[in-house]
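Fold and geometry: a report
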Amino acid sequence: MIEIKDLHKSYKMGSNSLHVLKGINFSVEEGELVAIMGSSGSGKSTLLNILGMLDVLDEGSYTLDGVPIKDLNETKAAQYRNKFLGFVFQSFNLINYKSAMENVALPLYYQKVGRKERQEKALKYLEQVGLREWADHLPSELSGGQKQRVAIARAMAAEPKVLLADEPTGALDSTTSYEVMDLIQKINDAGNTILIVTHEPDIADMCKRIVHLKDGVIVEDKKITQVRASQYV
Amino acid sequence: MRFLFDSNTWQEIFGSIGKNRTRTIITVIGVLWGILIYIVLSGAAKGLDNGFEKQFQNVAMNSMFTWAQSTSMPYKGFKTGRQLQLKLNDGVMLKNRIPEIQYIAPRNVKGIFGGSPAQIIRSGKSGSYAVYGDYPISTKIATKKIYDGGRFVNDEDIDGARKVCVIGERTQKDLFENDENPIGGYIRIDNVFFQVVGVHKFTPGGGFESDSDIYIPFTTFKKLYNTGENVGWFAIAAYDDADVIKVEENVKAVLKSIHNVNPKDERAIGSFNLGEIFNRIVGFAKGLTFMSLVVGIATILAGVIGIGNILLISVKERTKELGVRRALGATPKEVRSLIILESVFLTMLAGVMGIILGAGVLSLINKFTQGMDFPYANPTVPIPYVLGALALMVVLGTLIGLIPAQRAVSIKPIDALREE
């Protein structure tokens, strides 16, 4: 599903250049649940941003579902993001003046899906995250865990190839974190490919594979036995 | 273009406008104020213009008046300071010599330029009013509105030197009872009985005429006051395409040659030219219209710049939202269109509201000035002006929207998402 070869990325800061990713080779199969771990500054967020086409790579190649991702202009990147990827952010990033349902329907709007179908689909995904009766509430009326579940529903609504989650539990207490992880595991069980950036070991243990980044290179890449989040809920 | 007619687009725009109410209202007020001022100013200018026109509608625009004064230069053995007197025959000569003259009306008056007004008596009631000696042609130069059932002096009155008169509204009020029909009634003018044949409606329009004036046939006036061939002044109307200022010069030159006056004598013949005055007033009204246009457009511009300003702030506020939208698959074009359409929509909304409000204010002003002695009538804004203003607003709204729109897409989505 994802194939990365010899990926380099550096940031220019004035006259200095900061080499963040120094040759990453990495691939993800369909249906995997991967945790990307690393201390801050290890380059894990940069890697996720490149995977999410929010940032461009300097060297190397990136293939997503057989499509080489290169020479993207903003318009093309936006279309690919819309088609291939679902995002879940640490700070939820829901649009505060739109109701839960409207938030979930937003990626479908950019897919040019009609209004009625958009609403039906949005309600279906809200149902999946257990928030159907909260469809008309604004994000400010939801708890942190509920917000993240709405964000996950939004990411899923576009039916992406890959779900990218950047510290999805970073702003949540542990009970809520496990609820969210339970949801993510269930989505993964249904066959969706998910990448999670996290620095919490217990969250990483709930994935099927852990990739450790340190100073811009992968130092460890292992498959693990998944800890089910449902036992903590 | 399809984007414009997509109901989804409009839902997004209504969503973002409707959910940011305070911002929307403040933005709208800026432009609304601009267009309101524009509409009210240009409507008021048009109203003044109409008002002036109304005041002058009874008088031929290219008309003039000329009268005799006393000479200020010696000429052909005549000494200076000689009092001149216009004669009936002068009118005939003027008409023959100056082809631009369409109508020429000799007039006389008692009680305006020196001399006491005539004593008018009717069954115990009496008053002093100015009496004019007129030809029917007078009405071609300055229209006299005569109330129903009456008429002005006609040719038979002139030929027979009939003792008939046209009285004014106030004369009627002074001499007749409210329910009395004055037509056919008799009044005494300086002890001679005259039959009333008409009542004229007074229209204010400058000059020395008033609502109490009495008009009698010129020939009757001649007999009554023993004025012989004397003429008080000539009212002259030139053809529409003639230059009345030139006609005025020619008239004076001819009169000077008839009366043996030095051609260089500026004081011997007096004259007054309505065309010139009228042009000045028209110029004033035009200037006013132009000024209101400039002020109005400047105010609209200020309002639209205000919209741009507020949208710029709003884009800054919404950086994160726009970043999320782009992460979810909004193309730069879609984001840009969203902001520009918001700008144009707000401008148009404000514009239409401003136009409606402006029309309301204009009709209020109209109501209050009605019946006042103020040259103001039917204030309207021509449709092309309104459409032009709307078009201007769309263009300006788009242009000003470009700035925040460009700013919105110039931030990378990743930076936008990082923004707290």
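Values in this document were obtained by computation on a predicted structure and should not be read as measured data. (Residues numbered from 1 in each chain as written. Chains lettered and ligands numbered in written order. Predicted model: local features only at pLDDT ≥ 70, side-chain atom pairs only at ≥ 80, totals over all residues.)

Side note on the pairing of strand E13 (residues 233-238) of chain B
Residues and elements named next belong to chain B.
- Of all six residues in E13, five are buried; the element is thus mostly enclosed.
- As paired elements, strand E1 (residues 63-68) and E13 share five bridges and run antiparallel to each other. Bridge pairing in E13 places Phe65 opposite Ala235.
- As judged from the six bridges shared by strand E3 (residues 101-110) and E13, these two strands associate in the antiparallel manner. (Buried ≥ 20, exposed ≤ 12 C-beta atoms within 10 Å, placed from the backbone. Helix = DSSP H or I, 4+ residues; strand = E, 2+ residues; numbered from the N terminus. Pairing = 2+ DSSP bridges.)

Considering the nonpolar core
- Membership of the largest hydrophobic core comes to 120 residues, with the highest contact counts inside it found for Ile36, Val104 and Leu195 of chain A.
- A per-element tally of this core places helix H3 (residues 21-56) of chain B first, with 13 residues.
- When residues no more than four places from it in sequence are discounted, the contact partners of Leu195 of chain A are Val28, Val34, Ile36, Leu48, Leu51, Val162, Leu164 and Ala165 of chain A.
- In terms of nonpolar packing, the next biggest core, distinct from the first, is built from 49 residues, Ile101, Val131, Phe194 and Val196 of chain B among them. (Core = buried A, V, L, I, M, F, W, Y, C linked by C-beta atoms within 7 Å. Contact = placed C-beta atoms within 7 Å.)

Description of the sheet that holds strand E5 (residues 67-68) of chain A
- Strand order in the open sheet formed by four strands is E2-E1-E4-E5 (chain A), with antiparallel pairing between adjacent strands. Edge strands, defined here as strands with exactly one partner in the open sheet, are strand E2 (16-28) and E5 of chain A.

With respect to helix H11 (residues 319-327) of chain B
Residue and element names in this part refer to chain B.
- Within H11, seven of the nine residues are buried, which leaves the element mostly enclosed by the surrounding structure.
- Within H11 the residues assigned to the buried category are Glu321, Leu322, Gly323, Val324, Arg325, Arg326 and Ala327.
- Once H11 finishes, Gly329 follows within two positions and takes phi at roughly 115°, a positive value.

As for unusual backbone geometry
- Of note in the backbone geometry, Phe92 of chain A takes a positive phi value of approximately 65° without being a glycine.
- Relative to the elements of secondary structure, Phe92 of chain A occurs in the loop between strand E6 (85-88) and helix H3 (100-110).
- Residue Asn191 of chain B is not a glycine yet carries a positive backbone phi of 75°.
- Following the sequence through the fold, Asn191 of chain B ends up in the loop between strand E9 (186-189) and strand E10 (192-201).
- Assessed through the 9 C-beta atoms surrounding it within 10 Å, Asn191 of chain B is described here as exposed.

Describing the confidence of the model for chain B
All names here are of chain B.
- Mean pLDDT over chain B works out to 83, with 94% of the residues at or above the 70 mark.
- When mean pLDDT is taken per element in chain B, strand E11 (residues 214-217) scores highest with 91 and helix H1 (residues 2-5) scores lowest with 63.
- With pTM at 0.67, the complex prediction returns an ipTM value of 0.89. (pLDDT = per-residue confidence, 0-100.)

Side note on the pairing of E2 of chain A
All names here are of chain A.
- Sheet topology places strand E1 (residues 2-13) next to E2; ten bridges connect them, and they run antiparallel. In the sheet register, Met13 faces E2, and the bridge partner there is Asn16.
- In this structure, the hairpin formed by E1 and E2 is closed by a connection of two residues, where Gly14 is found at a positive phi of approximately 65°.

Some words on the sheet that holds strand E10 (residues 217-223) of chain A
All names here are of chain A.
- What the six strands build is an open sheet, ordered E6-E7-E8-E3-E9-E10; its pairing is mixed. Because the sheet does not close on itself, it has two edges, and the strands there are E6 and E10. The sheet shows a mean angle of 15° between the axes of neighbouring strands, taken without regard to direction.
- Sheet topology note: the E6/strand E7 (residues 162-166) ladder contains four bridges and is parallel. Note that in E7 the partner of Leu85 across the bridge is Val162. (Axes fitted to C-alpha atoms, helices over the stretch in contact; angles between N-to-C directions.)

Brief notes about the packing of helix H5 (residues 144-157) of chain A against helix H6 (residues 174-189) of chain A
Residue and element names in this part refer to chain A.
- Running from N to C, H5 and H6 point in directions that differ by 20°, and their axes come no closer than 9 Å. When the axes of H5 and H6 are compared, the pair comes out roughly parallel. Between H5 and H6 lies a crossing whose hand is right-handed. For the pair H5 and H6, the contacting residues are Gly144, Gly145, Gln148, Arg149, Ile152 and Met156 in the first and Thr176, Glu179, Val180, Leu183 and Ile187 in the second. (Parallel < 35°, antiparallel > 145°, perpendicular 65-115°, else oblique. Left-handed = near helix turned anticlockwise from the far one by under 90°.)

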